[in-house]
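Results of the structural survey
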Amino acid sequence: YIQDDFDQRRRRAADLPDGTVFDEPAHRRMCRAIVDRLDAYDAGTTSFERMVFTESEFVCRDPDAPYTGVMNMFAAQLLDAAGNALGLNVDYTHRCAKWERYCSGNTTTI
């Protein structure tokens, strides 16, 4: 059964070099970071270290809900633009191509 094989790869795959696996889309993690930075901004902080968010494999390669993945990426891109317009230094890139090693057949580049 192909789905079981995909689920096993998804559980083994790490989203960061240190082995971290994200279990939620980037826009949710970005929202928490932006809220924290807005609180810090209100408290007087004016400069922020750059934070880069990428998507997890489960968003990039979910065969059951590809349009949901695209909407997750769209939401994250909006947060990237809004956060940077406010000077919060929050960046986003989906980097879905890094999961292509598991693809076979037709692939769609987003």
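Report follows, based on the coordinates. (Residues numbered from 1 in each chain as written. Predicted model: local features only at pLDDT ≥ 70, side-chain atom pairs only at ≥ 80, totals over all residues. Heavy atoms only, no water.)

Comments concerning a nonpolar patch on the surface
On the surface, Met71, Phe74 and Leu78 cluster together into a nonpolar patch covering about 330 Å² of accessible area. The residue phenylalanine 74 is located in helix α4 (residues 66-85) in this model. (Patch = residues over 30% accessible without salt bridge, like charges linked within 9 Å, V, L, I, M, F, W, Y side chains within 5 Å. Areas by Shrake-Rupley, 256 points an atom, 1.4 Å probe, with all protein chains shown as cover. Salt bridge = Lys/Arg side-chain N within 4 Å of Asp/Glu carboxyl O. Helix = DSSP H or I, 4+ residues; strand = E, 2+ residues; numbered from the N terminus.)

Points about the nonpolar core
Ranked by size, the top nonpolar core spans 15 residues in total, and within it Met30, Phe53, Val90 and Tyr92 carry the most contacts. Taken together, the elements giving at least two residues each to this core come down to α2 (26-42), α3 (57-60), α4 and β2 (90-92). The element best represented in this core is α2, accounting for 4 residues. Sequence-distant contacts of methionine 30, that is, excluding residues within four places in its chain, are made with Phe53, Ala76, Leu79, Asp80, Val90 and Tyr92. (Core = buried A, V, L, I, M, F, W, Y, C linked by side-chain atoms within 4.5 Å. Buried < 20%, exposed > 50% of the residue type's maximum accessible area, 1.4 Å probe, protein only. Contact = heavy atoms within 4.5 Å.)

Describing the side chain of histidine 27
With respect to the helices and strands, the residue histidine 27 is situated in helix α2. Residue classification places histidine 27 among the buried positions, given a relative accessible area of 15%.

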